Amino acid sequence: MSRVGILGAGTWGTALARLLANAGHDVTVWSSSPERAARLSAERTHPGLPDTAIPASIRFTSSLSDACGGREMIVFAVPSVRVRSTAALARACIPDESLVVSVAKGIEPGTLRTMTQVIGDELSRDGAHGGVRLVALSGPTHAEEVARDLPTTIVAACADMTAAAAVQDIFMTDEFRVYTNFDVTGVELCGAVKNIIALAAGIAEGLGCGDNTKAALITRGMAEITRLGTAMGCSARTFSGLAGMGDLIVTATSRHSRNNRCGLLIGRGMAPADAVNAIGMVVESMNALPAVLALAARYKTDLPIVSAVGDIVLNGEAPADVVRRLMGRSKTSESTGSALELSYENAILESKRGMGMKRVITYGTFDLLHYGHINLLRRAKALGDYLVVALSTDEFNWNEKRKKCYFTYEQRKSLLESIRYVDLVIPEENWEQKRTDAHEYHIDTFVMGDDWTGKFDFLRDEGVEVVYLPRTPEISTTQIKQDLHQK
Ligand code: C2G
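Residues numbered from 1 in each chain as written. Predicted model: local features only at pLDDT ≥ 70, side-chain atom pairs only at ≥ 80, totals over all residues. Heavy atoms only, no water.

Caption draft 1: A look at the nonpolar core. In this structure, Leu189, Leu199, Cys262, Ile266, Val292 and Val306 are the most contacted members of the largest nonpolar core, which totals 51 residues. Looking at this core element by element, the count peaks at 14 residues for helix H8 (residues 184-206). Excluding residues that lie within four positions of it along the chain, Val306 makes contacts with Val193, Ile196, Ile197, Glu224, Leu289, Val292 and Leu293. The next biggest cluster of nonpolar side chains, apart from the first, holds 39 residues, and it includes Ala17, Ile58, Ala143 and Ala156. (Core = buried A, V, L, I, M, F, W, Y, C linked by side-chain atoms within 4.5 Å. Buried < 20%, exposed > 50% of the residue type's maximum accessible area, 1.4 Å probe, protein only. Helix = DSSP H or I, 4+ residues; strand = E, 2+ residues; numbered from the N terminus. Contact = heavy atoms within 4.5 Å.)

Caption draft 2: Fine view of the state of the cysteines. If you walk through the whole model with that rule in mind, you get zero disulfides. Free cysteine Cys93: the closest other cysteine sulfur is in Cys68, separated by 5.4 Å. (Disulfide = S-S within 2.5 Å.)

Caption draft 3: Region of interest: the packing of aromatic side chains. On inspection of all chains with the given rule, the structure shows eight aromatic pairs. A centroid spacing of 6.3 Å and a plane angle of 45 degrees characterise the contact between Phe171 and Phe176, whose relative ring orientation is tilted. Residue Phe171 shares its accessibility class with Phe176, and that shared class is buried. Counting every residue linked through ring pairs, the aromatic cluster contains Tyr363, Phe396, Trp431, Phe446, Trp452, Phe456 and Phe458. Against the face of Trp398 rests Arg402, its NZ or CZ located 4.6 Å from the ring centre. Seen from the ring of Tyr363, Lys434 lies directly overhead, with NZ or CZ sitting 4.6 Å from the centre. (Phe/Tyr/Trp six-rings, centres within 6.5 Å; stacked < 30°, edge-to-face > 60°. Lys NZ or Arg CZ within 6 Å of the ring centre and 35° of its normal.)

Caption draft 4: Quick look at the packing of helix H4 (residues 83-90) against helix H5 (residues 115-123). One way to put it is that H4 packs onto H5 with a least axis distance of 8 Å and a crossing angle of 30 degrees. In the crossing of H4 with H5, the sense of the turn from one axis to the other is right-handed. Counted together, Val83, Arg84, Ala87 and Ala88 of H4 and Met115, Val118, Ile119, Asp121, Glu122 and Leu123 of H5 form the full contact between these two elements. Class assignment for the residues of the contact of H4 with H5 results in seven nonpolar, no polar and three charged. (Axes fitted to C-alpha atoms, helices over the stretch in contact; angles between N-to-C directions. Left-handed = near helix turned anticlockwise from the far one by under 90°. Nonpolar A, V, L, I, M, F, W, Y, C, P; charged D, E, K, R; others polar.)

Caption draft 5: Region of the structure containing the site of the ligand. Around the ligand there are 21 residues in total, and Phe366, Lys403, Glu428, Asp451 and Ile475 lie nearest to it. Contact distances for the ligand include 2.7 Å between an oxygen atom and a side-chain N or O atom of Asp451. With respect to the ligand, the backbone of Thr472 contributes an N or O atom lying 2.8 Å from a nitrogen atom. Here the ligand, which alone exposes 630 Å², has 95% of that area covered by the protein. It is helix H18 (residues 371-381) that contributes the most residues to the shell around the ligand, three residues altogether. (Near = heavy atom within 4 Å. Polar contact = N/O pair within 3.5 Å; in protein donor to acceptor, adjacent residues only side chain to side chain. Areas by Shrake-Rupley, 256 points an atom, 1.4 Å probe, with all protein chains shown as cover.)

Caption draft 6: Structural detail: the sheet that holds strand S13 (residues 465-469). Strands sit in the order S11-S10-S9-S12-S13 across an open sheet of five strands; the sheet is parallel. The sheet is open, and its two edges are formed by strand S11 (424-428) and S13, each paired on a single side. Taking each pair of neighbouring strands and ignoring which way they run, the sheet shows an average axis angle of 25 degrees. Here strand S9 (residues 359-364) runs beside strand S12 (residues 445-449); their pairing, made up of three bridges, is parallel. Residue Thr362 lies in a different strand from S12, and its bridge partner there is Val447. In the packing of H18 onto the sheet, contacts are made with S9, strand S10 (386-392), S12 and S13, and the angle to S10 comes to roughly 145 degrees. (Pairing = 2+ DSSP bridges.)

If you want it as structure tokens, here you go:
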């Protein structure tokens, strides 16, 4: 039995509270409204779940310390636009070492951070929550169906798989099947962008389009989410999974979906703001849209359907005109070069893997390429047959290492690709991607210079050999800059 605090008494928070209480956990639900907490406590039904009885064991409160104090797991089930403020309010009450789960689906406008990143930002402000483990819980899960114990699946995502497994253990029931995934950013990105595709599907239906159009939007919408996610360093496999394809299907094809219903009203001619008011509840796609468009610009990724929704919702263009423009775009292919090359590469390597083909990966900035780098790459390649180099992007270098490179990412990439030891260069976008890369690229051996000794030993838990090689002592990019500066 676990003691759980659920922040947010909406339909999803209440449905999850019921699921956990019926599984024998001790559940307290927090609402920012004392009236709503009192009403739910007295009436034991939720307006959004009229046919569902709320178990007597669930306590409702408007006190965050009641909801969080002494809890092993805290679930953020508030709308995405309230996650940051709620995390700031709850920080003092959330125990360190607790599991903090986000079921909110969105990307924060401005910062473009995912919901677990937003919660992490706020909890880390006091420096006293280093032990908190942040997990995203997301998938094809209409609250109305979960509240009726209809068979449902969902993904618990965290770079720390023990945390994901702990959340899996708490939520798993005979009707609620939880899978784990490393790729927390990919899972959260799916949750945000699929709402926009669902809105598009509703708009199309409101215009009188049929199932063919809906299928096209789901399929091409999934391609857009995958394109953006892989550009961000997420695992392509995440997008064909439950949090991606699964959640998109259930959201784009169901009347339970507020995003879909809101799109229907817009397609029938209602102004977006009026459509949201008519739904009367949070329509997450409206909050996510500006942020996802900004992510697409940051990662230079073309998202035609998302952009079309932006033209309608943000620029006030007529849906019918936008659909015509979307359909009239220049011809293209379903198989993009990079995806084709990579899947081709992997197919070849998979076939050779049987002959013991070993794949090695290493990470770095590789600015002002010098013989110390070459020594590292040569020795790394000698440990296997295929060397992947994850090259730090300009953003990652500046945001995480405060390094300003002389050469841009594209210039450093082309230099690395010309080295005979290097077989593939991929972007290094964040510190967490090493786990997903190890699986995505079937890595056998991870290599770094010994200035990183011990920092990446966790990869051994993924069955990857970790090797730290002696640096070439007398040379470094910094040294080159200093020497040149003095001349
Ligand atoms: N290296 C080396 N000898 C040198 C300089 C660098 O062996 N004289 C190695 C480093 O140890 C590292 C690789 O070459 O393994 C790339 O070095 P950098 O570009 O400085 O990489 P760094 O900025 O340390 O980034 O996630 C890991 C980071 O991206 C590593």
